[in-house]
Amino acid sequence: MPIPGNFLSESTSSMDPAITGWTPKTNCTLLMGTGGRVGDGCLTMKSVASGEMQCQTVSAYSVIAGTDYEAFADAAGGTVPERIGIRWMTIRNVEISISWSQTTASASASWHRIAVTATAPAGAVRAQVLFSSTPAAGAVSSYLENVYLGLPVRTVGNLLTHGAEGHEQATNWPYVSAVNCSISRTTPAVSWPTVNYVGGGAVATMTVTANGDASFRCTEQPTVTPGQEYMASSHLNPPTSGSTAWLELRFYDAAHSQIQATRANLAAPGTNYYMQSVSDVAPPTAAYASVAFGLTGATAGQVLRTDTSAITIAPVLVTGSVVPYSDTSFEAGVGTWTVTSGVAVLARTSPWAPSIDAFYAMTVTSATATSSVIRSGRYPLPPGEESFRSSMHLTVTAGGWTLTRGLRWYDAANVSLGVTSVAASSAPTPGWWNLIDDHVRPAGATQVAFEWTVTATAPASVMRLDVGSIWAALPTGEVEPDDSTGSVRITFRELTLGDALTLWRVTPDGRRTLVRGSSGLISGVAVTSTTVVVEDYEAPLGVPVYYYMEALAPGATLAANRTSSTVTISLADRNECWLKDPGNPQRNLRVLVKAGPNWQRPIAQAEYRVRGRRNSVVLSDVRGGLEGGLAVWTRSDEEREALHWLLDSGNVLLWQAMPGMGVSDMYVNVGGVDEARVTPYAREPWREWQLPLREADMPTTVGVAGSAGRTWQDVLTENSTWEDVLLKYATWEDVFLNRPIEG
């Protein structure tokens, strides 16, 4: 699968099916290797003699001076360390400079990541990727694949800059020693998954000075909003033994004085790189946040490494849930959960055991076959809603349990209004189960808490809980037509993460058509949120349609299917039509039709005149699709500019008219366009357009362009001022899609 945002072609990046995108630069020959990670192929760079060898991309790629770019690759070489570089060039392909990554700390025959981020220097217009290693002899090979060049790849919504997240940029590296340690950037051989594009080559490395606690911190302090829950996360690489690695989310007031710190210890199952997160709500006086790392009980010389650090708004695993992430996923501990009676003991799983979200769950252990009551903290409720739904994932790992699942309600003064619960039942086994219950909110309730009575049916019974959620019970499926945009908004709720989703539009004749999503037609797309919202801009006009969804669990088992109600999009003026770009609905335009096409259907034929025969022999291909000219009017300068914008891309368009106008919905290619004035009067805004249409197939791989991987926080993090944004992007659409102006 192509790396999103990669300037390099898929072949140049993956080395499949060929290595023609690369050429030797110094002291090497290039061969097609095997045993790659993203495909069988890889690039083999073999030295001619001892000394540094280099290869580079054949093509040079457009860059903008003053903009940060990143290059990374997966490399391997058993006898020599490697490095990767970005070669900056002028418009005449004259080299300005090369920005090199750190050289890997040691040679590794296993695949590992190398990476560099640097700012394009003044005068840079083009860039190439370079790969370098320095063998001690000839005929020594290094290997390369999964190569990227482009804008820095970041965690979506990260408040920290790329320099703080990935450690690839040497300038202004924002980490300092805090207590009993030294801190540096190093490049060990780390084997990240091929699709972990934020995982880099350089890491932050803390070396303990003397026996005792040690820590370091990030100097960046992005702004936060009081009352919002935030999450800090990072991959931690702990030392072998004798100390505890931790991650801390810190909040600061307007004077940059620390006012709160929330810590999560890493329960490391080994000495690899392990993701750890911690979350908390920003206190009332919070203005900034940051992240810190450390070891408790360390010994002199121990090393802690970190990479891919982020501070983001805490995720909501179930859309609309009032339960904070700290009580949902148990990544830092058991949150606000307590045992209010009985002998049960609550703890976070350690070392890592199977869970539903991330890496930890909460365990409930009872030494005796008795009852206990466990309860969460109180969570504020949204006003107005009366019906609520709760869910909790559970697995029994020892013994057995009888459960009475309930919610306790509170008023604004924290006075309990009682418990609503379901009848006691045995905890299901084996494996994980999602237990869902519905509750009616009592009058006056403004807060709610989980409250379960758990009865162990045998001594030493153990169960795990994960992803507890409480949310307003809304319809599981909704559809809403929008005549102003010619679209239908489809919402399906309470889906299961990881299921494979397929969504069809169904017309009155029973025909099913796949609906388009961000990566193309929605067929077997992994569910990444419990609520899926899709806007269908290709639904027909004036025709009642409904939507049918299927979700398949792993193993192709049908997990859920939903059928929506029927909706119809209308068009008030039947003399108008829609011209739509399936991949860019922000460009869709409604125009007034002057005259529909007179259709032709061409056919490729070869005629052979046979001597002595009256009739010739004609060999024909299948007859082609419809071709003809559509005449439309634009009625204002805004409409005229919008039609130019729609036609600029040259993409396949969808032409839609109301039923009864003698045409069906049609995907078309638009040929050379003729724009004419309707009168000689210069200030007349109306224009008449002749649009030559040629029928096309429905594009199947085109996704709806959007900013699913980009937020306003990314814009704020990447640009210091609005002037920087105006200089970097030509239009708001370019800001939305992260397409900077080419140099």
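Shown above is the structure to which this text applies.
Rules used in this analysis
Residues numbered from 1 in each chain as written. Predicted model: local features only at pLDDT ≥ 70, side-chain atom pairs only at ≥ 80, totals over all residues. Heavy atoms only, no water. Helix = DSSP H or I, 4+ residues; strand = E, 2+ residues; numbered from the N terminus. Buried < 20%, exposed > 50% of the residue type's maximum accessible area, 1.4 Å probe, protein only. Contact = heavy atoms within 4.5 Å. Areas by Shrake-Rupley, 256 points an atom, 1.4 Å probe, with all protein chains shown as cover. Lys, Arg positive; Asp, Glu negative; His and termini not counted. Charge placed at Lys NZ, Arg CZ, Asp CG, Glu CD. Core = buried A, V, L, I, M, F, W, Y, C linked by side-chain atoms within 4.5 Å. Pairing = 2+ DSSP bridges. Axes fitted to C-alpha atoms, helices over the stretch in contact; angles between N-to-C directions. Salt bridge = Lys/Arg side-chain N within 4 Å of Asp/Glu carboxyl O. Phe/Tyr/Trp six-rings, centres within 6.5 Å; stacked < 30°, edge-to-face > 60°. Lys NZ or Arg CZ within 6 Å of the ring centre and 35° of its normal. Disulfide = S-S within 2.5 Å. Expected span 1.5 Å × (residues − 1). Arc of directions from axis to C-beta. Patch = residues over 30% accessible without salt bridge, like charges linked within 9 Å, V, L, I, M, F, W, Y side chains within 5 Å. Polar contact = N/O pair within 3.5 Å; in protein donor to acceptor, adjacent residues only side chain to side chain.

Visitor: Break down the overall build of the protein chain for me, citing the residues and quoting the values.
Guide: When helices and strands are tallied, the protein chain shows 7 helices and 52 strands. Seen along its three principal axes, the alpha-carbon backbone of the protein chain occupies a region of about 100 × 75 × 60 Å. Across the 743 residues that make up the protein chain, the buried fraction comes to 47%. Sequence-distant contacts, at least 24 apart, represent 73% of the contacts inside the protein chain between residues at least 6 apart. With an accessible surface of roughly 32400 Å², the protein chain has 52% of that area assigned to carbon and sulfur atoms. Charged side chains in the protein chain number 49 positive and 65 negative. The centres of these two groups are separated by 5 Å.

Visitor: Pulling in residues and values, what's your account of the nonpolar core?
Guide: Counting 36 residues, the largest nonpolar core has Tyr 175, Met 206, Phe 216, Val 224, Phe 251, Val 291 and Phe 293 as its most contacted members. Among the secondary structure elements, those contributing two or more residues to this core are β13 (181-186), β14 (203-208), β15 (212-218), β16 (229-237), β17 (244-252), β19 (274-281), β20 (288-298) and β21 (303-313). A total of 5 residues in this core trace back to one element, the largest contributor, which is β20. If near-sequence neighbours (up to four positions away) are discounted, Val 224 is found in contact with Leu 159, Tyr 230, Phe 251, Ala 282, Ala 286, Ala 287, Tyr 288 and Ala 289.

Visitor: Break down the sheet that holds strand β41 (residues 532-536) for me, citing the residues and quoting the values.
Guide: The 3 strands are arranged β34-β35-β41 in an open sheet whose pairing can be described as antiparallel. Of all the strands in the sheet, just β34 (477-482) and β41 have a single pairing partner and so form its edges. Strand-to-strand twist in this sheet, taken as the mean axis angle between neighbours without regard to direction, amounts to 15°. In the sheet, β34 pairs with strand β35 (residues 487-492) via 6 bridges, with the strands oriented antiparallel. Note on β35: the bridge partner recorded for Asp 482 is Ser 487.

Visitor: Which residues make up the sheet that holds β20, and what values go with them?
Guide: Across the sheet, which stays open at both edges, the 5 strands sit in the order β12-β15-β20-β17-β18 with antiparallel pairing between neighbours. If you trace the sheet from one side to the other, it starts and ends with β12 (175-179) and β18 (258-265), each paired once. The average angle at which neighbouring strand axes cross in this sheet is 25°, direction not considered. Looking at chain direction, β17 and β18 are connected through 7 bridges and run antiparallel. What sits directly across from Arg 250, in β18, is Ala 261.

Visitor: Before we move on, could you go through the pattern of salt bridges and cite the residues and values that matter?
Guide: Taken as a whole and judged by the stated rule, the model has 25 salt bridges. Of the charged contacts in the structure, one is a salt bridge between Arg 389 and Glu 494, with a shortest N-O distance of 2.3 Å. With Arg 389 in strand β27 (residues 387-398) and Glu 494 in the loop between β35 and β36 (500-506), this pair connects stretches of sequence that are 105 residues apart. For Arg 389, a relative accessible area of 14% gives the class buried. A residue is classified by how much of its surface remains accessible, and Glu 494, at 26% relative accessible area, is partly exposed. The partner of Glu 733 in a salt bridge is Arg 587, and the shortest N-O contact between them spans 2.7 Å.

Visitor: Go over the packing of aromatic side chains, please, and point to the residues and values.
Guide: Using the criterion set out here, one finds 19 aromatic pairs in the structure. When the ring of Phe 388 is compared with that of Trp 409, the centres are 6.2 Å apart and the planes differ by 65°; the resulting orientation is edge-to-face. On the criterion of sequence distance, the pair formed by Phe 388 in strand β27 and Trp 409 in strand β28 (residues 401-410) is long-range, its members being 21 residues apart. With a centroid separation of 5.8 Å and an interplanar angle of 20°, the aromatic rings of Trp 504 and Tyr 548 are classed as stacked. A residue pair is termed long-range when its members are at least 10 positions apart, and Trp 504 in strand β36 and Tyr 548 in strand β42 (residues 546-553) qualify at 44 residues. Residue classification places Trp 504 among the buried residues on the basis of a relative accessible area of 17%. Put simply, the rings of Trp 173, Tyr 175, Phe 216 and Phe 293 touch in pairs and so form one group of aromatic residues. Above the ring of Trp 100, the side-chain terminus of Arg 83 is found at 3.8 Å from the ring centroid. The ring of Trp 246 carries Arg 263 above its face, with NZ or CZ at 3.7 Å from the centroid.

Visitor: Describe unusual backbone geometry, and please don't skip the residues or the numbers.
Guide: A cis amide bond, omega 5°, links Asp 16 with the succeeding residue Pro 17. As for its position among the elements, Pro 17 is in the loop between α1 (10-14) and β1 (22-26). Here the residue pair Thr 429 and Pro 430 is connected by a cis peptide bond, since its omega of -10° sits within 30 degrees of zero. The residue Pro 430 is located in the loop between β30 (425-426) and β31 (433-440) in this model. Here the phi dihedral of Thr 308 falls at roughly 55°; this positive angle occurs in a residue that is not glycine. Relative to the elements of secondary structure, Thr 308 occurs in strand β21.

Visitor: Can you lay out the state of the cysteines for me, pointing to particular residues and giving the numbers?
Guide: Formally, a disulfide is one covalent bond, and it connects the sulfur atom of one cysteine to the sulfur atom of another. This structure, assessed with the given rule, holds 0 disulfides. Free of any disulfide, Cys 55 has its nearest neighbouring cysteine sulfur in Cys 28, separated by 5.6 Å. No disulfide involves Cys 218; its sulfur sits 14 Å from the nearest other cysteine sulfur, which is in Cys 181. On the basis of relative accessibility, which here comes to 1%, the residue Cys 218 falls in the buried class.

Visitor: Please set out helix α4 (residues 637-648) residue by residue, giving values where relevant.
Guide: Counted at 1.5 Å a residue, the expected span for α4 with its 12 residues is 16 Å, and the 16 Å between its end C-alpha atoms agrees. Within α4, the full set of buried residues consists of Glu 639, Leu 643, Leu 646 and Leu 647. An end-on view of α4 places all buried positions within 90° of arc, on one side of the element. Among the exposed residues of α4, those pointing more than 90 degrees away from its buried face are Glu 638, Glu 641 and Asp 648. For α4, the elements touching its buried residues are β44 (576-580), β45 (589-595), β48 (627-634), β49 (653-656), β50 (666-670) and β52 (687-695). Just downstream of α4, Gly 650 is the residue with a positive phi angle, here 75°.

Visitor: Give me a nonpolar patch on the surface: which residues, what numbers.
Guide: Taken together, the side chains of Tyr 608, Val 610, Val 617 and Leu 619 define a hydrophobic patch exposed on the protein surface, amounting to about 340 Å² of accessible area. The residue Val 610 is located in the loop between β46 (605-608) and β47 (617-620) in this model. Val 610 sits in the partly exposed class, given a relative accessible area of 34%.

Visitor: Before we move on, can you summarise the environment of Thr 336 with the specific residues and values?
Guide: Tracing the sequence through the fold places Thr 336 in the loop between α3 (325-329) and β22 (338-341). Contacts of Thr 336, omitting those with residues within four sequence positions, involve Asp 327, Arg 375, Ser 376, Gly 377 and Tyr 379. Among the polar contacts made by the side chain of Thr 336, one reaches the main-chain amide nitrogen of Gly 377 at a distance of 2.8 Å.

Visitor: Pulling in residues and values, what's your account of the environment of Tyr 148?
Guide: Along the chain, Tyr 148 turns up in strand β11 (residues 141-150). Through-space distance from the C-alpha of Tyr 148 to that of Pro 2 is 9.7 Å; in sequence the pair is 146 residues apart. Beyond its immediate sequence surroundings of up to four residues, Tyr 148 is in contact with Ile 3, Pro 4, Gly 5, Asn 6, Glu 70, Ala 71, Phe 72 and Val 153. Looking at Tyr 148, its side chain comes within polar contact range of the main-chain oxygen of Leu 151, at 2.5 Å.

Visitor: Lay out the side chain of Thr 104 in plain terms, naming residues and giving numbers.
Guide: By the secondary structure assignment, Thr 104 is in the loop between β8 (95-100) and β9 (108-119). A polar contact is formed between the side chain of Thr 104 and the backbone nitrogen of Glu 82, at a distance of 2.9 Å. Once you skip the residues sitting within four places of it in the chain, Thr 104 turns out to touch Pro 81, Glu 82, His 112, Ile 114 and Thr 187.

That's the geometry; what it means functionally is another story.
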